[in-house]
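Structural characterization, general
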Amino acid sequence: MFGTLFPAALRRTACAAIIACGAITTSAQAAPLNVTLLGTGSPVPSNVRFSQSILVEAGKDKLVFDLGRGVTIRLAQLGIPFRDVTAGFITHFHSDHLVGLPDLWLTGWLPTPFASRTMPMEIYGPKGTEAMTRNLTAAFAEDIRTRIADEKLPPSGIAFNAHDIGPGVVYERSGVKVTAFPTHHGDLIEPNFGYAVEYDGKKVVISSDTTYDERIAAQAKGADLLIHEVADIDPELLKAYPRFKEITAHHTSPEEAGRIFSMARPKLAAFTHIIVLKANAPLDVPPTEVLARTRKTYDGPLALGEDLMRFEIGDTVEVFNARKEKVNVDERF
């Protein structure tokens, strides 16, 4: 019903909304490798930090690493049609990394200017990814049936091209190479993958959820950008709620992350999947202590990620916040 183009009034409204929310500018597209944090939170329900998702733009490819809560909203804010996502990559099967997948898959198929996918959705992830996509297709079979019959949507656009992967190069085309490597998120959470993305001589490394794991430092040695998770959990909270010890045991403290950064020495280190839990405080607590604690073990360039923060990787790494304001990242940030 939307046709292939926006009507004039809708087009003006959409353009205004995209500008207000921080759309990608023409000048930004000149950088050879760009990264945008779509969601920097955890399972904690937050309208400030959606759950985990990272967009990597390398040449013409738009790759999404993890598909957490709100991934479609953040892509829409960037003005990126869902059909333009080249491939998705899953680190592990915790729900906060996956709940946005059905939304992007189903909504991306709708006959709208922001969707209209006609090709299968390409997904890479640990063993079980192929089975998950088959089960999703079964779960939404009635929606799929009615939309094909009623709206004449192409069946190819709701198909999956899913891949169970192991460690090593999992994607290589058009000069873009993606390598999966194991990280430790817990003895029972296996496999769990971090990813390294290389393009035009540049390199970005994504840790996944992980405990302290020096394999990440090895992968990120001299990388342009290392994006790492972090957890700041109040010891007093652990006394009151012993189950939080299990959360602590599956993640990396700021001091531990700083040691990884010191070993890797990337051009820039950045935090995502930021967990902050304090005693006698709301769930959605600002991460005010994370940087100070990291500075105990790391003195290099460091950014505290926020949703829609953007990294433009050229000879240097430039950082922009959600308002498209340049962030001055140096040893004191």
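As the structure is a computational prediction, the values presented were derived from the model and not from experiment. All residue numbers refer to positions counted from 1 along the written sequence of the respective chain. For a predicted model such as this one, the threshold for reporting local features is a pLDDT of at least 70, and the threshold for listing and counting side-chain atom pairs is 80 or more; totals across whole chains, interfaces and linings nevertheless cover every residue. Think of the side-chain values as coming from all heavy atoms in the structure, minus any hydrogens and water.

**Regarding empty space enclosed by the protein**
Over the atoms a probe the size of a water molecule is rolled, and this reveals where empty space is left. Stated formally: The definitions used throughout rest on a 1 Å grid laid over the protein atoms alone, on which a cavity is an enclosed set of points accommodating a 1.4 Å probe that cannot get out and a pocket is an open set flanked by protein within 12 Å on both sides along at least five of seven lines; lining residues are those having an atom within 4 Å of a point. Grid points are joined across faces, edges and corners, and a volume is the space filled by probe spheres set on the points.
Within this structure, the stated rule accounts for two cavities of 30 Å³ or more. Of the volumes computed, that of the largest cavity is approximately 120 Å³. What lines the largest cavity is simply Gly41, Ser42, Val44, Ser46, Arg49, Ile274, Ile275, Val276, Leu283, Asp284, Val285 and Pro287. Approximately 80 Å³ is the volume found for the second largest cavity. Lining the second largest cavity are 15 residues, and of these Gln52, Ile206, Ser208, Asp209 and Thr272 sit closest to its centre.

**Digging into the side chain of Thr133**
This is how the line gets drawn: Secondary structure counts use DSSP, requiring at least four H or I residues in a row for a helix and at least two E residues in a row for a strand, with both numbered from the N terminus. Residue contacts are counted whenever heavy atoms from the two residues lie within 4.5 Å of one another.
Positionally, Thr133 belongs in helix α4 (residues 129–139). The contacts of Thr133, once residues within four sequence positions are left out, are Phe160 and Ala162.

**Regarding the sheet that holds strand β14 (residues 310–313)**
What counts is decided by this rule: Strands were regarded as paired on the criterion that DSSP finds at least two bridges between them. Fitted lines through C-alpha atoms serve as axes, helices being fitted only where they are in contact, and the angles separating the N-to-C directions of these axes extend from 0 to 180 degrees.
Strand order in the open sheet made by the nine strands is β6-β5-β4-β3-β2-β1-β14-β15-β16, with mixed pairing throughout. Either end of the sheet is taken by a strand with one partner, and the two such strands are β6 (160–164) and β16 (326–327). In this sheet, strand β3 (residues 61–65) lies alongside strand β2 (residues 53–58) in antiparallel orientation, the contact comprising five bridges. The partner of Ile54 across the bridge, within β3, is Phe65. Seen against the sheet, α4 touches β5 (121–125) and β6 and runs at an angle of roughly 150 degrees to β6.

**So, the environment of Gly157**
In this fold, Gly157 is placed in the loop between α5 (141–151) and β6. For the pair Gly157 and Met121, spaced 36 residues apart in the sequence, the C-alpha separation amounts to 7.3 Å. Excluding residues within four positions of it along the chain, Gly157 makes contact with Trp109, Arg117, Thr118 and Met119.

**Things to note about unusual backbone geometry**
The omega torsion across Glu190 and Pro191 is -5 degrees, close enough to zero to call that bond cis. Relative to the assigned elements, Pro191 resides in the loop between β8 (176–182) and β9 (193–199). Here Ser116, not a glycine, exhibits a phi torsion of approximately 60 degrees, which is positive. With respect to the helices and strands, Ser116 occurs in the loop between α3 (101–107) and β5.

**Some points on the nonpolar core**
One recurring pattern in soluble globular proteins is that nonpolar side chains are buried together. Short version of the rule: What is meant by a nonpolar core is a set of buried Ala, Val, Leu, Ile, Met, Phe, Trp, Tyr and Cys residues, joined one to another through side-chain atoms within 4.5 Å. Exposure is judged per residue with a 1.4 Å probe applied to protein chains only, and the accessible area is read against the type maximum: over 50% gives exposed, under 20% gives buried, and values in between give partly exposed.
Counting 34 residues, the largest nonpolar core has Phe65, Phe89, Val178 and Phe311 as its most contacted members. Counting residues per element, this core draws most heavily on β9, at four residues. With sequence-adjacent residues up to four places away left out, Phe65 is seen in contact with Ser53, Ile54, Val56, Phe89, Val178, Tyr195, Val197 and Ile206. Core analysis: the second largest hydrophobic core is formed by 27 residues, Leu55, Leu78, Ile90 and Met121 among them.

**Points about helix α9 (residues 254–264)**
Each α-helix winds once per 3.6 residues, and so residues spaced three or four apart point in a common direction. The set of residues buried in α9 consists of Pro254, Glu255, Ala257, Gly258, Ile260, Phe261 and Ala264. As for α9, its buried residues are in contact with α6 (214–219), β11 (225–233), β12 (268–277), α10 (290–294) and β13 (302–304). Arg265 occupies a position one or two residues after α9 and carries a positive phi of about 50 degrees.

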